[in-house]
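Notes for the structure review
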Amino acid sequence: MAQRPRPHRDTTRHDTGLRDPDPAGFRDPVRRFAFELPARTESVGRARRLVEERLILWGCGPEIRDTAALVVSELATNAVLHTASSRIVCEVREGTKTLRIAVRDEGGPAGPRIRDCGAEERGRGLLIVDALCPAWGSERTGHGTAQIVWAELAHGLGEPC
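Criteria and thresholds
Residues numbered from 1 in each chain as written. Predicted model: local features only at pLDDT ≥ 70, side-chain atom pairs only at ≥ 80, totals over all residues. Heavy atoms only, no water. Buried < 20%, exposed > 50% of the residue type's maximum accessible area, 1.4 Å probe, protein only. Helix = DSSP H or I, 4+ residues; strand = E, 2+ residues; numbered from the N terminus. Pairing = 2+ DSSP bridges. Salt bridge = Lys/Arg side-chain N within 4 Å of Asp/Glu carboxyl O.

1. Looking at the pairing of strand S3 (residues 98-105)
In terms of burial, S3 is a largely internal element, seven of the eight residues being buried. Pairing of strand S2 (residues 87-94) with S3, which is carried by six bridges, proceeds in the antiparallel orientation. Within S3, the position partnered with glutamate 94 by the bridge is leucine 99. Connecting S2 to the antiparallel partner S3 that follows it, the hairpin turn spans three residues. In this sheet, strand S5 (residues 147-154) lies alongside S3 in antiparallel orientation, the contact comprising eight bridges. The partner of arginine 104 across the bridge, within S5, is isoleucine 148.

2. Here we look at the pattern of salt bridges
All told, the structure shown has seven salt bridges when counted by the stated rule. Its salt-bridge partner being arginine 32, residue glutamate 91 comes within 2.5 Å of it at the nearest N-O pair. Taken together, the residues glutamate 91 in strand S2 and arginine 32 in strand S1 (residues 31-38) connect sequence positions 59 residues apart. Judged by relative accessible area, glutamate 91 falls into the buried class, the value being 16%. Where glutamate 106 meets arginine 87, a salt bridge forms, and the shortest distance between an N and an O atom there is 3.3 Å. With a gap of 19 residues between them, glutamate 106 in the loop between S3 and helix H3 (125-132) and arginine 87 in strand S2 connect regions that are remote in the sequence. Of the residues examined, arginine 87 reaches a relative accessible area of 29% and is grouped as partly exposed.

Here is the structure:
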């Protein structure tokens, strides 16, 4: 399956051009919410509900809430299924321009990657994230194989937060 180029940013990408040192506006986040859950399949639904509830409290519109819930669900599912984690930490940060969703796991043998899943119903999580988010990526935390996988949504999606 051919993939279209995306502004996927991660620690393995090297950008030699001049750029804004804080392109998403996260230097001083407007709001931040984080929570830890056991790395079990039932935690994915809990992560989705916690993000939806927080975005309601922040006054975010239904479209960005639904999209953020789907993204955190996909990222949390990947952390639960494809890493050796006993716990995951989810974070939502509102910057001046974007909403960033991140899931930290305790690591695994490989980082996240989009794969061709053919006719299979499983394995489409990062394809969904890639289609919904203008940017996403991953970075190692410096603690063994632990990593953070993140995705950003533009505030222009539906009503702003």
